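The lines below spell out each chain.
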Amino acid sequence: MANHAQTGKSSSGWLALLKQESVWISVLSIIIGLIIGAVVMLAGGYDPLLAYESLLLKLFGSKYDVGEALGVIVPLIMTGLAVAIAFRSGMFNIGVEGQIVMGSIGAIVVGHFVNLPPVLHGIVSLLAGTVLGGLWGMLVAWLKTSRGINEVITCIMLNWTALYLSHIVIRTLMEEPGAGRSKMIQDSASISLDRLTAWMDGARVHWGFAIAMIAVIGYYFFINKTKWGYEMRAVGSNKHAAHYAGISVKKTTLRAFFISGMLGGMVGTFEVLGVFKYLAIAPATSGLGFDGIAVALLGMNTALGVLLAAILFGALMYGAQGMSFGADVPGEVIRMVISIIIFFAAAPGILRLVLKRWPRKRQEVSADGSNGVSA
Amino acid sequence: MEAMAFLLNGTFVFATALIFAALGGLITERTGVVNLGLEGFMVAGAFSAAVTAYFAEQAGLGGMSAWIGFLSAPLCALLFALMHAIASVRFKADQVISGIVVNMLAASSTFFLVKLIFDGAAETPMLTEVFGKTNIPFLSDLPFFGVAFFQVYPTTIVALILVVIIYFVMFKTPLGLRMRAVGEHPGSADTAGIRVNRLRFLAVLVGGMVASLGGATIALTANSSFSFNTISGQGFIALAAVIFGRWHPIGAMGAALFFGLAQALKDKVQLFEFAKQVPTEVFYMLPYVLTLIVLIFTSKRTSAPAALGQPYDPGKR
């Protein structure tokens, strides 16, 4: 990930940003993804234009749809940032899934059992889930730093452990009989924006949106302007050099995973306190953590990049529902498009090859030689 | 006693798919390429096996259809393995990301195709011609051991044979030595005249094909169909088995059997008196927690291939 960690070093303003090759790679990846998606639809006997049109109509069709699309985008921003901060520190957090589950456990337990006045109850429940998610993340880092266990395997094991732990907690403490879910949280713990929900015809909007915006800005300042952020980037780009420079790699790793886990944990609290108001006994984890990996990659682990990538993927995922409705195209096409985008973004060499060849051909024709694409 | 025999039998049923997938992962990782795409290869294998077997069944091929389905799995997985190989070996992409892309694309494209082929249905029709358990002559009549070990699906036998073959190739042949050299120290291997990236490319392809047999096993034995939750995380468990089994074929098989036992346990736990006091989920959780505990106690002696996860660039030797 080293090549992604260093982007943004020379960008002063939008114009400079547009000259960066990595940005062009991302944009091209998106275009290619959408084109291949269209080809797949054509091959399957569907109308791609109608499909993409219905996707857009679904997205902007009504106030309700905009609100619900936000509900898809917000968790992606959070999990994208969670994965990004670990990447920046040279670690791979494939355990956001489990951290989300732990966050929802914290939120449901405090939200259901503890008695507190409104607002305060919501904040305490949210914090409980956030901290629990953070600790779950830190467990991964602790096992890595103290026992040398590969974080990928720890994350995978802890994801499943968290899932079944949530089942045990629900079944033994707070099962709603026959419903396959927990009892509801108390109304005082809700973080829903009820008036906005009413205005948006019932779209489940909540404070998570505001928190996600704060998280994006906070991530930017933290990683670029603070001592801890600097230490994380240093450890991420060269662990040994960072160690030699007197940075504690161990502490930095633990810190990065704690923050990463907290961001994941918050996603769990949003779903419990803002969307469903209960915790379901799910057969598998949500997959949001894996989507976060995609978001972080396309967003090149930067704050703005993660925000834009989350908006793009979230919009595509939500719009996909409209696609199956309006053009009869299975929503899986959109997941194919997303994975193709990630494929080209992850292997920039492929597009670099194309970008290098293309201007050369143009040169032969016009002899002008100016190429504005690959700086 | 009888319950124990069934438990052991169930262990083999669940472990077979994991053995295939873990062997596939092991082949790839031994040459230094991380393989998080095991889940995707299994999905591709299960999809291909179910669909091919279905059409073979329709064509009236009878008992052959299951085998045809089984053998079609590697071909389908080859496409996805090619993606992983091109991205991570040829273009030096992040190997973890590349594997995750394989998972995403395999899942989405196969469900898309299932809906396309079967008029919007969420799963393939139930197969009738699937693998049945074979009784191994004489041995299956033994008390206890007969039920426990010798009434098995043919896929289990294939998997166990494959363990032996891969062990032999890996540790007793020049090819195996080269593969391990490439995974441990690509620079020296290159100096010795081994085409590092070509060998890695091949290992990714073969690994993906072997792993897909695990998916085919699930579709053609336990499930008799393919749907979006046919694999549900087994590929990741297989990856854990690779690491848990210390990148060794016998070790990986042992780890797969351990996970298989845990799965069989959660299915058959009601047979045991002591288990009734404990929530079932505790047994579900057990394999993952035990893996972590074992890793905590054994991790100091790491045995991962030294160059695992590092793309090889001959220019930087």
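Residues numbered from 1 in each chain as written. Chains lettered and ligands numbered in written order. Predicted model: local features only at pLDDT ≥ 70, side-chain atom pairs only at ≥ 80, totals over all residues. Heavy atoms only, no water.

Novice: Looking at this model, I keep getting lost on the packing of helix α10 (residues 234–244) of chain B against helix α11 (residues 249–268) of chain B. Mind explaining?
Specialist: In helix packing, the relevant descriptors are the interaxial angle and the interaxial distance, both defined with respect to the helix axes. Residues and elements named next belong to chain B. It is at 7 Å that the axes of α10 and α11 come closest, and there the two elements cross at 135°. Taken together, the axes of α10 and α11 are oblique relative to one another. As for how α10 packs across α11, the hand of that crossing is right-handed. From α10, Gln-234, Ile-237, Ala-240, Ala-241 and Phe-244 reach across to α11, where they touch Ala-252, Ala-255, Ala-256, Phe-258, Phe-259 and Gln-263. Taken together, the residues that form the contact of α10 with α11 break down as nine nonpolar, two polar and no charged. (Axes fitted to C-alpha atoms, helices over the stretch in contact; angles between N-to-C directions. Helix = DSSP H or I, 4+ residues; strand = E, 2+ residues; numbered from the N terminus. Parallel < 35°, antiparallel > 145°, perpendicular 65-115°, else oblique. Left-handed = near helix turned anticlockwise from the far one by under 90°. Contact = heavy atoms within 4.5 Å. Nonpolar A, V, L, I, M, F, W, Y, C, P; charged D, E, K, R; others polar.)

Novice: Explain the confidence of the model for chain B here, please?
Specialist: Low-pLDDT portions of the prediction should not be read for the details of their coordinates. With 96% of its residues at a pLDDT of at least 70, chain B reaches an overall mean of 88. Model confidence for the complex: the whole-complex pTM is 0.89, and ipTM, which rates the interface, is 0.89. (pLDDT = per-residue confidence, 0-100.)

Novice: Can you walk me through the pattern of salt bridges in this structure?
Specialist: Working definition: two side chains of opposite charge can pair if their charged atoms are close together. Here the structure, examined in full by the defined rule, presents nine salt bridges over all chains. With its nearest N and O atoms 3.4 Å apart, the salt bridge here joins Lys227(A) to Glu231(A). Taken together, the positions of Lys227(A) and Glu231(A), both in helix α11 (residues 227–237) and four residues apart, correspond to about one turn of that helix. Assessed through its relative accessible area of 59%, Lys227(A) is described here as exposed. Linked through salt bridges whose partners overlap, the residues forming this network are Arg171(A), Glu175(A) and Glu281(B). (Salt bridge = Lys/Arg side-chain N within 4 Å of Asp/Glu carboxyl O. Buried < 20%, exposed > 50% of the residue type's maximum accessible area, 1.4 Å probe, protein only.)

Novice: It is not clear to me how unusual backbone geometry should be interpreted in this structure. Could you clarify?
Specialist: Leaving glycine aside, a negative phi is the common case for residues, and trans is the common case for peptide bonds. Residue and element names in this part refer to chain B. A positive phi angle, close to 60°, is found at Ser-224, a residue other than glycine. In this structure, Ser-232 takes a positive phi of about 30° despite not being glycine. For Ser-232, the location among the structural elements is in the loop between α9 (196–223) and α10. Here Ser-232 falls in the partly exposed class, since its relative accessible area comes to 38%.

Novice: Looking at this model, I keep getting lost on the interface of chain A and chain B. Mind explaining?
Specialist: Accessible area lost upon the coming together of the parts serves often as the stated size of an interface. In this assembly, 43 residues from chain A lie in contact with 39 residues from chain B. Summed over both partners, the interface of chain A with chain B buries about 3,900 Å², with 82% contributed by carbon and sulfur atoms. Broken down residue by residue, the surface that chain A buries against chain B is led by Arg147(A), Met157(A) and Tyr164(A), which jointly contribute 17%. Where chain A touches chain B, the interface holds two salt bridges. When the shortest N-O distance is used, the salt bridge between Glu281(B) and Arg171(A) registers 2.6 Å. Counting across the chain A and chain B interface gives three residue pairs in polar contact (both at pLDDT 80 or more). Elements with a contribution of two residues or more to the side of chain A that touches chain B: α7 (120–147), α8 (151–173), α14 (288–298), α16 (332–346) and α17 (348–366) of chain A. In terms of residues, the side of chain A that touches chain B owes the most to one element, α8(A), which gives 14 residues. Per-class residue counts for the side of chain A that touches chain B are 31 nonpolar, eight polar and four charged. (Buried area = accessible area lost by both parts, 1.4 Å probe. Polar contact = N/O pair within 3.5 Å; in protein donor to acceptor, adjacent residues only side chain to side chain.)

Novice: Just to check I follow, could you spell out helix α4 (residues 48–60) of chain A for this structure?
Specialist: Since one α-helical turn is 3.6 residues long, residues separated by three or four positions face the same way. Residues and elements named next belong to chain A. Here α4 spans 19 Å end to end across 13 residues, near enough to the 18 Å set by a 1.5 Å rise per residue. Three or more residues of α4 are buried, namely Pro-48, Ala-51, Tyr-52, Ser-54, Leu-55 and Leu-59. Within α4, the buried residues cover an arc of 160° as seen down the axis, which keeps them to one side. For α4, exposure combined with an orientation more than 90 degrees from the buried face picks out Leu-49, Leu-57 and Phe-60. (Expected span 1.5 Å × (residues − 1). Arc of directions from axis to C-beta.)

Novice: How do you make sense of the confidence of the model for chain A when you look at a structure like this?
Specialist: All names here are of chain A. On average, residues of chain A score 87 in pLDDT, and 90% of them reach the 70 mark or higher. Mean pLDDT across the secondary structure elements of chain A bottoms out at helix α1 (residues 2–5), with 41, and peaks at helix α6 (residues 96–113), with 96. Note on residues 364–375: pLDDT is under 50 here. Beyond four places in sequence and across chains, it has 13 contacts.

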